[in-house]
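# Structural description and commentary
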Amino acid sequence: MKILNVALAAVAAVPKQYPEVTLPEMAFVGRSNVGKSSLINALINRRALARVSQNPGKTRTINFYDIDGKMYFVDLPGYGYAKAPKNEREKWGEMIDKYLYNRENLKAIVHLIDIRHEPSKQDLQMYEWMKHYNYKTIFVLTKMDKIKRSQVPKHVKMIRQALGVGTDTVLIPFSSETKQGKEELLAAIQKLTFDEGENIDD
Ligand code: GTP
Ligand code: MG
C-alpha cells in the first residue's frame, strides 16, 4: 500500500460534521499521548499534518484524513488523560463513543498500546468494547525505540497475555521515530480495509 496524496478532509466534534459515508475508514484509538497522531504522520510520510504534542490531550476533535481518495484514517482524541477537567473528559468520551457506536464504513480499529507497559484498565475496557461491536482490531505497540531491541519479544508476549489474544491477532511493534513496523502495519491495514482482490494501488 503506497500513500501519495493526503488531505485533512474533516474536523468533527459532532456527527453532522463527519464526512459522508463514501469511503472505508480505519480509526486509531488509544490512551492520550500513546502516539496516535505521530503514527498517522509516519504512515502518510508527513512530519506534522496530524498535530503532535508532548502533553497529553493534544487531539481534541475527530480528524478525518483522506488517503488518496480511497479511504479515511481517523485520528481520535485519546482516553485516560486523568488531569483533564471532568467535563472535558466526559465530552471527549462522548465524542469517541458516538463515533465508534454506529459508523457503518468503519472497517477496523488500530488500537495503540505503549510497548513499555502492561495495558491499562482502560485499554482492556476499550478492547472489550471493540469486540462487543465486532470491530476487527490491529494492535500497534508504540514507542519501541524506547526499549532495547532484545526486550521487544518479552514485551510483546506480556501485552499479548494481558489482552488475552492468541497468535491470530496481529500485534505490531512500532516506532514513529525509526518507522520500524510501518510496512507491516500498512499491509495489515490494506488487508482489513479492502476486500480480497481489491487493492488501494489499483
Ligand atoms: P493525544 O492526541 O493527546 O491523544 O496523543 P497522541 O496519542 O496523538 O500522541 P502524539 O502522537 O501526540 O505523541 C505524544 C508524544 O509521544 C509526542 O511527544 C511524540 O513525539 C511522542 N511519540 C509518539 N510516538 C513515539 C515513538 O514511537 N517513539 C518515541 N520515542 N516517541 C514517540
Ligand atoms: Mg493525537
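Residues numbered from 1 in each chain as written. Chains lettered and ligands numbered in written order. Predicted model: local features only at pLDDT ≥ 70, side-chain atom pairs only at ≥ 80, totals over all residues. Heavy atoms only, no water.

## Here's the deal with helix H1 (residues 36-43)
Counted residue by residue, H1 has seven buried out of eight residues, so it is predominantly covered. Check the buried side of H1 and you find it contacts strand S2 (25-30), strand S3 (62-67), strand S4 (71-75), strand S5 (106-114), strand S6 (136-142) and helix H5 (182-193). (Buried < 20%, exposed > 50% of the residue type's maximum accessible area, 1.4 Å probe, protein only. Helix = DSSP H or I, 4+ residues; strand = E, 2+ residues; numbered from the N terminus. Contact = heavy atoms within 4.5 Å.)

## Quick notes on H5
With 12 residues, H5 ought to run about 16 Å at 1.5 Å a step, and its terminal C-alpha atoms sit 16 Å apart, in line with that. The secondary structure elements touched by the buried residues of H5 are S2, H1, S4, S5, S6 and strand S7 (171-173). (Expected span 1.5 Å × (residues − 1).)

## Regarding the sheet that holds strand S1 (residues 6-12)
The seven strands are arranged S1-S3-S4-S2-S5-S6-S7 in an open sheet whose pairing can be described as mixed. In this open sheet, the two edge strands, each paired with only one partner strand, are S1 and S7. Within this sheet the neighbouring strands show an average axis-to-axis angle of 25 degrees, counted without direction. Pairing geometry for S2 and S4, over four bridges, is parallel. When the bridges of S4 are listed, Met 26 appears paired with Phe 73. (Pairing = 2+ DSSP bridges. Axes fitted to C-alpha atoms, helices over the stretch in contact; angles between N-to-C directions.)

## Re the packing of helix H2 (residues 86-101) against helix H3 (residues 121-132)
Interaxial distance between H2 and H3 falls to 11 Å at its minimum, and their mutual angle equals 25 degrees. Comparing the axis directions of H2 and H3 gives the class roughly parallel. Relative to H3, H2 is oriented so that their crossing is right-handed. Along its contact with H2, which presents Ile 96, Asp 97 and Leu 100, the element H3 presents Met 126, Trp 129 and Met 130. Of the residues that constitute the contact of H2 with H3, the class distribution is five nonpolar, no polar and one charged. (Parallel < 35°, antiparallel > 145°, perpendicular 65-115°, else oblique. Left-handed = near helix turned anticlockwise from the far one by under 90°. Nonpolar A, V, L, I, M, F, W, Y, C, P; charged D, E, K, R; others polar.)

## Digging into the site of ligand 1
The environment of ligand 1 is made up of 22 residues, and the closest members are Lys 36, Ser 38, Gly 57, Asp 145 and Ser 176. Here an oxygen atom of ligand 1 and a side-chain polar atom of Ser 38 are 2.6 Å apart. In isolation ligand 1 offers 650 Å² of accessible surface; the protein chains occlude 90% of this area. Tallied by class, residues from the shell around ligand 1 come to three nonpolar, 12 polar and seven charged. (Near = heavy atom within 4 Å. Polar contact = N/O pair within 3.5 Å; in protein donor to acceptor, adjacent residues only side chain to side chain. Areas by Shrake-Rupley, 256 points an atom, 1.4 Å probe, with all protein chains shown as cover.)

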